[in-house]
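Residue-level listing of the chains:
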Amino acid sequence: MQYYSTRNKKNGAVNFAAAALTGLAPDGGLYVPETLPEYPPAVRSSLGTMSFQDIAFETIKPFVSPEIPDAALADMIHEAYSFEAPLRHVGDRMALELFHGPTAAFKDFGARFMARAFAYLRRGEDKPLHILVATSGDTGGAVADGFHGVQGITVTVLYPKGRVTPLQERQIAGLGGNISAVAVEGSFDDCQRLVKEAFKNEGLKKRKDLSSANSINVSRLIPQAAYYAAAAGKAFTGVPENAEGVFRAIAKQPIIFCVPSGNFGNLTAGLYALEMGAPIRGFIAATNRNRSVPDYLETGYYEARFSQATISNAMDVGAPSNFERLIAHWFSLNQFRRIVRGVWVSDDDTRKTIAEVHKTTGYFLDPHTAVGWRGVDQLLANRRLPTGPLAVLATAHPAKFAETVEPLTGPVPVPQSLAEAMKRKPNAAIIPAEISALLEVLS
Ligand SMILES: *Cc1c(COP(=O)(O)O)cnc(C)c1O
């Protein structure tokens, strides 16, 4: 597969290895695949019964061929995905639970594949690849965990000191080994600025092979298409209502996914799955009050904005970087509106929804998932949704955001991976928000 920059579709195609290892195109654009492959008919008709790992293999293969051969890809997938993405019935809809990975958020799906792909593509190099990544909380944990113990790669995660949760700090700074953590005395924006300055530093570039692992990297998006295809297949076939295997009748209908969105990487992956032929009817893009994309869908006018802080903070993005990818790939505004419906949700309504859903069903929503849940409620109330199967992507485990959820629901059960992470001792270098201090730590 060849990849083009969103800003120059005619020239400068590169292969998957180059697109993944460089992240951003030289002209500042994002890499997009030149075409979207289709599932072979035999795969397409078996999506409802294939294992997640097999669907991941069929989904990723055309995007990474020929640089990653089939046998290597199969190994990577089995190592990366020792957990599932179950689809559960909750009240009048379904929840696609994407929080069963080691850091309890959907970013594990992208980060774990990316780590193994990088290791494969760099095999035989003497110099280790050094990954620099800035995080406001969730990305850093998933990237640290994904790359932990991966041969030939070292990682430095920068996070704003005192502005991540104690659990997130342990996920980022508690692993050690090939993962180093740097607590910056400043904001997330300072962390991002330091990473950008480090990438421009000639001395550092001579000493180290540098790369980044942020969410614009196409190798993080591609594997996410797999869970959409798997869930759409299951819904089309009929999803077991409970552990006893009682089937809830679902006529052979394509599904609607509601995607709690910030940078819009997850939604982009969903659109890949649709284009590849998974039985998907459309999407709801649900945001918090950082509503640049819902406003664009409403008015036809796109405006990047400053981000505003909310209780669903992994979605506090005023200028979503994947918007450029969405627009470049497909869409006239009208095509976009046919496939994606926008909605935004306030913090008050997010809290109310966490409390209500727990009271009526016993199910715990994290604040990001609750934005999606409420978005569906709002569209249903306005009769703006067709009937048929519908799933909200549960993007994080509620225990990850216990400070917000527990006052509304009472105690949230903690999964083992999070309980174990809480026992780690965070160990980070603390630096002022200055490039000289970062260069010293990196030397
Ligand atoms: C990153 C994140 C999101 C937003 O995903 P995008 O791909 O940036 O739109 C939503 N929920 C959680 C829990 C996240 O960590």
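Structure: above.
Keep in mind that this is a model prediction, so the values were computed, not measured.

1. Thoughts on the sheet that holds strand 5 (residues 93-97)
Strand-to-strand pairing in sheets goes through backbone hydrogen bonds, with the strands running parallel or antiparallel.
So, step 1. What the 6 strands build is an open sheet, ordered 4-5-13-10-11-12; its pairing is mixed. Each end of this open sheet is capped by a strand with a single partner; those strands are strand 4 (87-90) and strand 12 (340-344). Going across the sheet, the axis of each strand differs from the next one's by a mean of 25°, ignoring polarity.
So, step 2. Together, strand 11 (280-287) and strand 12 form the strand contacts of helix 13 (residues 292-299), whose direction differs from that of strand 12 by roughly 125°.

2. Describing the site of the ligand
So, step 1. Close to the ligand lie 15 residues, the nearest being Lys 107, Asp 138, Gly 262, Asn 263 and Phe 264.
So, step 2. Here an oxygen atom of the ligand and a backbone polar atom of Phe 264 are 2.9 Å apart.
So, step 3. Between the ligand and the protein, one listed contact pairs a nitrogen atom with a side-chain N or O atom of Thr 395 at 2.9 Å.
So, step 4. Considering the ligand on its own, with 380 Å² of exposed area, one finds that the protein chains cover 96% of that surface.
So, step 5. A breakdown of the residues in the shell around the ligand according to their chemical character gives 6 nonpolar, 7 polar and 2 charged.

3. A few points about helix 8 (residues 188-200)
So, step 1. Over its 13 residues, helix 8 runs 19 Å from end to end, which matches the ideal 18 Å to within 8%, given 1.5 Å per residue.
So, step 2. Of all the residues in helix 8, the buried ones are Asp 190, Cys 191, Leu 194, Val 195 and Ala 198. Projected onto a plane normal to the axis of helix 8, the buried residues spread over an arc of 140° and lie on a single side. Turned more than 90 degrees away from the buried face of helix 8, the exposed residues are Asp 189, Lys 196 and Lys 200.
So, step 3. N-capping of helix 8 is provided by Ser 187, with a side-chain oxygen placed 3.3 Å from the backbone N of Asp 189.

4. Overview of the pattern of salt bridges
So, step 1. Here the structure, examined in full by the defined rule, presents 18 salt bridges.
So, step 2. The residue Arg 93 makes a salt bridge to Asp 92 at a minimum N-O spacing of 2.8 Å.

5. Considering the nonpolar core
So, step 1. Counting 97 residues, the largest nonpolar core has Tyr 3, Phe 147, Tyr 227, Tyr 228, Phe 257, Ile 280 and Phe 283 as its most contacted members.
So, step 2. With 9 residues, helix 11 (residues 224-237) is the largest single contributor of residues to this core.
So, step 3. The contacts of Phe 283, once residues within four sequence positions are left out, are Tyr 228, Phe 257, Val 259, Leu 267, Gly 270, Leu 271, Leu 274, Ile 339, Val 340 and Arg 341.
So, step 4. In this structure, Ala 95, Phe 99, Val 371 and Val 405 belong to the second largest nonpolar core, which totals 31 residues.

The rules behind each value
- Residues numbered from 1 in each chain as written.
- Predicted model: local features only at pLDDT ≥ 70, side-chain atom pairs only at ≥ 80, totals over all residues.
- Heavy atoms only, no water.
- Pairing = 2+ DSSP bridges.
- Helix = DSSP H or I, 4+ residues; strand = E, 2+ residues; numbered from the N terminus.
- Axes fitted to C-alpha atoms, helices over the stretch in contact; angles between N-to-C directions.
- Contact = heavy atoms within 4.5 Å.
- Near = heavy atom within 4 Å.
- Polar contact = N/O pair within 3.5 Å; in protein donor to acceptor, adjacent residues only side chain to side chain.
- Areas by Shrake-Rupley, 256 points an atom, 1.4 Å probe, with all protein chains shown as cover.
- Nonpolar A, V, L, I, M, F, W, Y, C, P; charged D, E, K, R; others polar.
- Expected span 1.5 Å × (residues − 1).
- Buried < 20%, exposed > 50% of the residue type's maximum accessible area, 1.4 Å probe, protein only.
- Arc of directions from axis to C-beta.
- Salt bridge = Lys/Arg side-chain N within 4 Å of Asp/Glu carboxyl O.
- Core = buried A, V, L, I, M, F, W, Y, C linked by side-chain atoms within 4.5 Å.

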